[in-house]
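Understanding the architecture of this molecule
Each chain, written out:
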Amino acid sequence: MYVSVLNNSIPSSEFKTAIANNAFSNCDKFEHCVFEGTIASNINLQWSTKLNRESILSLLTCLNATVSGIVITLPSKCIDGATDTLALIQGDTELNTAYTNALAKGYVIEFA
């Protein structure tokens, strides 16, 4: 499944937070999504075990606001359902930079 979310900002309102946090529930075939803008609400992608590198990078890049208590949940496995997501991020300079920057901005990034 390919989805593009372009020039979109997901603000931190209660209604939109609930939508963003549940938008990808049970999306186990979700592979590719392009995020642009700023993400300032919780997002849970734990079911998306086929998520590709480019999708993870675009998501991490959009974690660019200074926040507190915003949780981004990534799948513990990605790409083919067997690749360790954190290991992928740590072993890729571009992904690791975006990940480190997001953490420095106050995002909590979990793997489930």
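For the structure, check the block above.
Quick caveat, the model's predicted, so the values are computed rather than measured.

Glancing now at the state of the cysteines. As enumerated under the stated definition, the model contains zero disulfides in all. Just so you know, Cys 33 is unpaired, no disulfide at all, and the nearest cysteine sulfur is the one on Cys 62, 9.2 Å from it.

This part covers unusual backbone geometry. Not every positive phi belongs to a glycine, and Ile 79 is a case in point at roughly 60°. By the secondary structure assignment, Ile 79 is in the loop between β5 (77–78) and β6 (83–84). Look at Ile 79 and you get partly exposed, because its relative accessible area is 38%.

A few words now on the pattern of salt bridges. Summed over all chains, the structure comprises two salt bridges. Notably, a salt bridge pairs Arg 53 with Asp 92, separated by 2.7 Å at the nearest N-O pair. Here Asp 92 lies in the loop between α3 (85–90) and α4 (93–104) and Arg 53 lies in helix α2 (residues 53–61), a separation of 39 residues in the sequence. Taking relative accessible area as the criterion, Asp 92 reaches 16% and is therefore assigned buried. Here Arg 53 makes a salt bridge to Glu 94, at a shortest N to O gap of 2.9 Å. Of this pair, Arg 53 sits in helix α2 while Glu 94 sits in helix α4, and the two are 41 residues apart along the sequence. Judged by relative accessible area, Glu 94 falls into the partly exposed class, the value being 46%. Through salt bridges that share partners, Arg 53, Asp 92 and Glu 94 make up one connected network.

What follows is about the nonpolar core. By size, the foremost hydrophobic cluster in this structure holds 27 residues, and its most contacted members are Leu 60 and Ile 72. Secondary-structure elements contributing two or more residues to this core are β2 (32–35), α2, β4 (71–74), α3 and α4. The contact partners of Leu 60, leaving out residues within four places of it in the chain, are Ile 89, Leu 95, Ala 98, Tyr 99, Ala 102 and Ile 109.

Before going further, it helps to spend a moment on the environment of His 32. Mapping His 32 onto the fold places it in strand β2. Remark: the alpha-carbon pair of His 32 and Lys 50, spanning 18 residues in sequence, is separated by 8.2 Å. There is a polar contact of 2.9 Å between the side chain of His 32 and the side chain of Asn 52. Side chain to side chain, His 32 and Ser 55 meet in a polar contact 3.5 Å long.

Rules of the game
- Residues numbered from 1 in each chain as written.
- Predicted model: local features only at pLDDT ≥ 70, side-chain atom pairs only at ≥ 80, totals over all residues.
- Heavy atoms only, no water.
- Disulfide = S-S within 2.5 Å.
- Helix = DSSP H or I, 4+ residues; strand = E, 2+ residues; numbered from the N terminus.
- Buried < 20%, exposed > 50% of the residue type's maximum accessible area, 1.4 Å probe, protein only.
- Salt bridge = Lys/Arg side-chain N within 4 Å of Asp/Glu carboxyl O.
- Core = buried A, V, L, I, M, F, W, Y, C linked by side-chain atoms within 4.5 Å.
- Contact = heavy atoms within 4.5 Å.
- Polar contact = N/O pair within 3.5 Å; in protein donor to acceptor, adjacent residues only side chain to side chain.

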